[in-house]
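Examining the three-dimensional arrangement
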Amino acid sequence: MPAPKQPLVFIVSGPSGSGKSTLVQKLLELPGTMLSVSCTTRKPRPTENAGKWYNFVTEAEFQQMVERGEFLESAQVFGKSWYGTPRKWLDEARHKGLDLVLEIDVQGAAQVKQKLPGAVAIFILPPSRQELERRLRERGQDSEEEIARRLEQARKEILAFREFYDFCVINEDLERAGREVQAIAIATRRRCDQNVEQVSKILDSFGG
Ligand code: ADP
Ligand code: 5GP
């Protein structure tokens, strides 16, 4: 029996408000994908039910998970709450034969790329600072001070993202950006190194 195929890992990052969550949904519409549900120490927002987007844990619980080596990566985001990707999702994806989608920040992406060099990292950009600011305001989630902080963080991330990311998608027209993230996933699945077994079966049908 051949070993189960390693899942593809798709990392989606980008500035707050660039449209990551919206585009992750588009990736999850592709058959054969599953979401990695992160753990976080931040408090749930009124619209968030536990277990869907995050597992909400205490700082002590998070620390225990770190000590037990349960995270593929973990980071403190915006110098406040902790976030981490449990390794168990990789096992589950392998077991189910699915590809895994991680929505994580740039610190986490760097850690995952170091551990899993085959992971495919996609960076989402807003079309401009003005549009990012408009989206953050319209979302109505953050104070003026927080919006200013997120815009400055966005500038830094856009300056530096090329070091770890394989693709960038500009989220201006949502339909188009959605098609582009899906196209990246589909094209990655068709890479020669992802299809060795299928090709060898075809070759067998020719008599080897
Ligand atoms: P992130 O997860 O990166 O913080 P969201 O996916 O929550 O960003 O998107 C931020 C806001 O911008 C949401 O209100 C979302 O509906 C909106 N949005 C996302 N993509 C677009 C787009 N292409 N055009 C206009 N608004 C968008
Ligand atoms: P929010 O609290 O607004 O949902 O997310 C804040 C930031 O944390 C986003 O940039 C998001 O991508 C990032 N994030 C969410 N989950 C994880 C995770 O498991 N690991 C890391 N490193 N970042 C995460």
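Residues numbered from 1 in each chain as written. Chains lettered and ligands numbered in written order. Predicted model: local features only at pLDDT ≥ 70, side-chain atom pairs only at ≥ 80, totals over all residues. Heavy atoms only, no water.

**Focus: the overall build of the chain**
Looking only at helices and strands, the chain has 8 helices and 9 strands in total. Relative to the compact-globule value of 17 Å for 208 residues, the chain shows a C-alpha radius of gyration of 18 Å, a close match. Principal-axis analysis of the C-alpha atoms gives the chain an extent of 70 × 40 × 30 Å. Per-residue burial for the chain yields a buried fraction of 45% across its 208 residues. Sequence-distant contacts in the chain: of pairs separated by 6 or more residues, those separated by 24 or more amount to 67%. Carbon and sulfur atoms make up 54% of the accessible area of the chain, which amounts to about 12,000 Å² in all. Positive and negative side-chain charges in the chain, numbering 31 and 30 respectively, have mean positions lying 1 Å apart. (Helix = DSSP H or I, 4+ residues; strand = E, 2+ residues; numbered from the N terminus. Rg over C-alpha atoms; globule rule 2.2 N^0.38 Å. Buried < 20%, exposed > 50% of the residue type's maximum accessible area, 1.4 Å probe, protein only. Contact = heavy atoms within 4.5 Å. Areas by Shrake-Rupley, 256 points an atom, 1.4 Å probe, with all protein chains shown as cover. Lys, Arg positive; Asp, Glu negative; His and termini not counted. Charge placed at Lys NZ, Arg CZ, Asp CG, Glu CD.)

**A closer look at the packing of helix α1 (residues 20–28) against helix α7 (residues 174–189)**
α7 packs onto α1 with a crossing angle of 50° between their chain directions and a minimal axis gap of 9 Å. Taken together, the axis directions place α1 and α7 in an arrangement best described as oblique. Once α1 is placed against α7, the crossing between them reads as right-handed. Across the interface between the two elements, T22, L23, K26 and L27 from α1 touch L174, E175, A177, G178, V181, Q182 and A185 from α7. In the contact of α1 with α7, the residues fall into 6 nonpolar, 3 polar and 2 charged. (Axes fitted to C-alpha atoms, helices over the stretch in contact; angles between N-to-C directions. Parallel < 35°, antiparallel > 145°, perpendicular 65-115°, else oblique. Left-handed = near helix turned anticlockwise from the far one by under 90°. Nonpolar A, V, L, I, M, F, W, Y, C, P; charged D, E, K, R; others polar.)

**Quick look at the packing of aromatic side chains**
Going through the model one piece at a time under the given rule, you end up with 7 aromatic pairs. Seen in terms of ring centroids, F123 and Y165 are 5.2 Å apart; in terms of plane orientation they differ by 70°. Their pairing is edge-to-face. Taken together, the residues span a long stretch of sequence, with F123 in strand β8 (residues 120–125) and Y165 in the loop between α6 (144–160) and β9 (167–170) at a distance of 42 residues. Here a set of aromatic residues connected by ring pairs shows up, and it is made of Y54, F56 and Y83. For K88, the ring lying beneath its charged end belongs to W89, and the centroid distance is 4.7 Å. (Phe/Tyr/Trp six-rings, centres within 6.5 Å; stacked < 30°, edge-to-face > 60°. Lys NZ or Arg CZ within 6 Å of the ring centre and 35° of its normal.)

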